[in-house]
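# Architecture at a glance
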Amino acid sequence: MFLKIFRLVLFTIAANFAFSAMAQDCSKGFVSGKVRKAVADGRYSAALNLGDQADRRLQLDTLLSKEKSCVGQNALRYVIAMIDVNQGELDAAIAALPVILQSDMEESWKAVSVQRLIGRLYQSGATGDAIILARGASERFKETPSFPHALALLLAADGQIAEARLIAQSALDSSLSATPKGLVSEAGWIRFAIAGASGDQEDFDAVLASLSLQAGESRDAILAYIGEDVTVPVLLAARVGGPLLGAPNTPPQPRYPQKMAVEGRAGDCNIHFDVSVDGVPQKVQAVCEEDGFKSESERAVSEARYDPLIVDEQVHRRIGMTYPLEFKLQ
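Mapped onto the fold, Cys 288 is located in strand β2 (residues 281-288). Among the residues examined, Cys 288 registers a relative accessible area of 16% and is labelled buried. Between the C-alpha atoms of Cys 288 and Gly 267, which are 21 residues apart in sequence, the distance is 7.2 Å. Excluding residues that lie within four positions of it along the chain, Cys 288 makes contacts with Asp 268, Cys 269, Phe 293, Lys 294 and Ser 297.

The structure is reproduced here in structure tokens:
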């Protein structure tokens, strides 16, 4: 599988041909409302892993066999590829990735599928392949911090502590300017976990001192709060090893703030929080481009719910989670 992943990364990173080439025996004809609805519903359900994905894939395959338009064929192939990445055999998931990366869908949707394939490779025991894909994705999706985060954790789990430390430190340095005082970033907790795994007491003490300064808490208070919940295995399980990479089973349902809609305002938010052993978000704090979205972002994420995080038969909290929300007027 190693060589297959290596070739896949080279192919997907360097690919420069149009996704329309994937469609065969097609025309520029009209895409029916039925196909448009199936694509919209399928993309949403695949992203959140809702319903019977195997049954949905059969339905999409049937529509694809009858679809004549190039646009319709490509859209159907894309959603089928999303389902394969989520639930198909690993070979099918790997083969589906180029379809996703060559599509004209939003970059954020593509990134989610790549993240899930990394998680599936790690779950299957193919840590080396997961590292290769995470490394390629870090270059392909430079604005998505979850890839260097995953890469650092995977390298640490694989015993490559020196490189893991460098990547985690770079991610932490990049996150500081966007992290409010009093809040430890996700990258900060990952750097802390890797320092703990290294066995290097000097490095551990230095990282702890840095986080103490950032959080405005004493070192003892930080250690008492995190307990056994910030280690490489636990962070990997929460961010890489889960079936949906830490996605909630009940996702946030934000409502567009009326005042912001009237004023035609849009913007992104990153919501920082921890998750209790019962799956309830705690210490929710939103950082938004526009302050008018802050309250609604925090409300929406506070009402999300997560499955229990179990590692080595122990239930853990999720510490230092980040959930992005985009407010965009249609």
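Let us look at helix α10 (residues 186-198). The end-to-end C-alpha distance of α10, which contains 13 residues, comes to 19 Å, matching closely the 18 Å that a straight helix rising 1.5 Å per residue would cover. Most of α10 sits out of view: ten of its 13 residues are buried. What α10 keeps buried is the set Glu 186, Ala 187, Gly 188, Trp 189, Ile 190, Arg 191, Phe 192, Ala 193, Ile 194 and Ala 195. Positive backbone phi, at 75°, marks Gly 199, one or two positions downstream of α10.

What follows covers the confidence of the model for the protein. Considering every residue of the protein, the mean pLDDT works out to 85; 90% of them sit at 70 or more. Least confident of the elements in the protein is helix α1 (residues 2-14), whose mean pLDDT is 49; most confident is helix α15 (residues 294-302), at 97. Counting interchain partners and residues more than four positions distant, the pLDDT-below-50 stretch residues 13-23 has 18 contacts.

To continue, consider the packing of helix α4 (residues 70-87) against helix α5 (residues 90-101). To characterise two packed helices, one gives the angle between the axes of the helices and the distance between these axes. Close contact between α4 and α5 brings their axes to 8 Å; oriented N to C, the two are set at 145°. Judged by the twist between their axes, the crossing of α4 over α5 is left-handed. Side by side, α4 and α5 meet where Arg 77, Tyr 78, Ala 81, Met 82, Asp 84 and Val 85 of the first sit next to Ala 92, Ala 93, Ala 96, Val 99 and Ile 100 of the second. Of the residues in the contact of α4 with α5, the class split is nine nonpolar, no polar and two charged.

Turning our eyes to something else, we now look at the state of the cysteines. Inspection of every chain in the model, using the stated rule, returns one disulfide. In this model Cys 269 forms its disulfide with Cys 288; the gap between the sulfur atoms is 2.2 Å. The S-S bond linking Cys 269 to Cys 288 shows a torsion near 115°; that makes this disulfide right-handed. Here Cys 288 lies in strand β2 and Cys 269 lies in strand β1 (residues 267-275), a separation of 19 residues in the sequence. As far as the burial class goes, Cys 269 and Cys 288 line up, both buried.

Turning next to the environment of Glu 143. With respect to the helices, strands and loops of the structure, Glu 143 is situated in the loop between α7 (127-140) and α8 (146-157). As a C-alpha pair, Glu 143 and Glu 107 span 36 residues in sequence and 9.9 Å in three-dimensional space.

Counted according to the given criterion, the structure contains seven aromatic pairs. Ring geometry for Phe 273 against Tyr 306: centres 6.1 Å apart, planes inclined by 45°, an arrangement best described as tilted. With a gap of 33 residues between them, Phe 273 in strand β1 and Tyr 306 in the loop between α15 and β3 (309-311) connect regions that are remote in the sequence. Classification of Phe 273 by relative accessible area gives buried; the value is 2%. Tyr 306 sits in the buried class, given a relative accessible area of 5%. In textbook terms, an aromatic cluster arises when at least three aromatic residues are bridged by ring pairs, as seen for Trp 189, Phe 192 and Phe 204. Lying over the aromatic face of Phe 141, Arg 140 brings its terminal NZ or CZ to 4.7 Å of the ring centre. Arg 317 extends its terminal NZ or CZ atom over the ring of Tyr 225, reaching a point 4.8 Å from the ring centre.

Once that is clear, we can look at a nonpolar patch on the surface. Taken together, the side chains of Val 277, Ile 310 and Val 315 make up a nonpolar region of the molecular surface, amounting to roughly 240 Å² of accessible area. With respect to the helices, strands and loops of the structure, Val 277 is situated in the loop between β1 and β2. Residue Val 277 is classed as partly exposed on the basis of its relative accessible area, which comes to 38%.

In this section: the nonpolar core. If you look at the biggest cluster of nonpolar residues, it comprises 71 residues, and the most contacted ones within it are Val 114, Leu 117 and Ile 118. Those residues in contact with Ile 118 that sit more than four places away from it in its chain are Ala 130, Leu 133, Ala 134, Phe 147, Leu 154 and Val 240. In this structure, Met 260, Cys 269, Ile 271 and Ala 304 belong to the second largest nonpolar core, which totals 15 residues.

A word on helix α3 (residues 53-66). Under the 1.5 Å per step criterion, the end-to-end length of α3 is 20 Å for 14 residues, consistent within 8% with the ideal 20 Å. Taken residue by residue, α3 has Gln 53, Leu 60, Leu 63 and Leu 64 as its buried positions. Projected down its long axis, α3 shows its buried positions confined to an angular sector of 100°, all on one face. Across α3 from its buried face, at more than 90 degrees, point the exposed residues Leu 58, Ser 65 and Lys 66.

Definitions and limits used
- Residue indices begin from 1 for each chain and proceed along its sequence in written order.
- Residue-level local features of this predicted model are given only where pLDDT is at least 70; pairs of side-chain atoms are given and counted only at 80 or more, and the full residue set underlies all totals for whole chains, interfaces and linings.
- Calculation of side-chain values draws on the structure's entire complement of heavy atoms; hydrogens and water are dropped beforehand.
- Secondary structure elements follow DSSP: runs of H or I no shorter than four residues count as helices, runs of E no shorter than two count as strands, and numbering proceeds from the N terminus.
- Any residue under 20% of the maximum accessible area for its type is buried, any over 50% is exposed, and the rest in between are partly exposed; the area is computed with a 1.4 Å probe on protein chains only.
- Note on contacts: a residue pair is in contact if any heavy atoms of the two residues lie within 4.5 Å.
- Every helix has an expected span of 1.5 Å times one less than the residues it contains.
- A score between 0 and 100, pLDDT records how confident the predictor is in each residue.
- Angles shown run from 0 to 180 degrees and are taken between the N-to-C directions of axes, each axis being a line fitted to C-alpha atoms and, for helices, limited to the stretch in contact.
- Take the far helix as the reference: if the near one is turned anticlockwise from it by less than a right angle, the crossing is left-handed, and if turned clockwise, right-handed.
- Asp, Glu, Lys and Arg are counted as charged, while Ala, Val, Leu, Ile, Met, Phe, Trp, Tyr, Cys and Pro are counted as nonpolar; the rest, among them Gly, fall into the polar class.
- For the purposes of this analysis, a disulfide is any pair of cysteine sulfur atoms at a distance within 2.5 Å.
- Pairing of aromatic rings covers Phe, Tyr and the six-membered ring of Trp, with a centre-to-centre limit of 6.5 Å; geometry is then stacked below 30 degrees between planes, edge-to-face above 60, and tilted otherwise.
- Two limits define a charge over a ring: the Lys NZ or Arg CZ must be within 6 Å of the ring centre, and within 35 degrees of the ring normal.
- Nonpolar side chains (Val, Leu, Ile, Met, Phe, Trp, Tyr) within 5 Å and like charges within 9 Å form the patches, drawn only from residues with over 30% relative accessible area and no salt bridge.
- Per-residue and other accessible areas follow the Shrake-Rupley method at a 1.4 Å probe size, with only the shown protein chains counted as cover for residues.
- A side-chain nitrogen of Lys or Arg and a carboxyl oxygen of Asp or Glu constitute a salt bridge if their distance falls within 4 Å.
- Buried residues of nine kinds, namely Ala, Val, Leu, Ile, Met, Phe, Trp, Tyr and Cys, make up a nonpolar core once their side-chain atoms join them within 4.5 Å.
- Directions drawn from the helix axis to the C-beta atoms are what define this arc.

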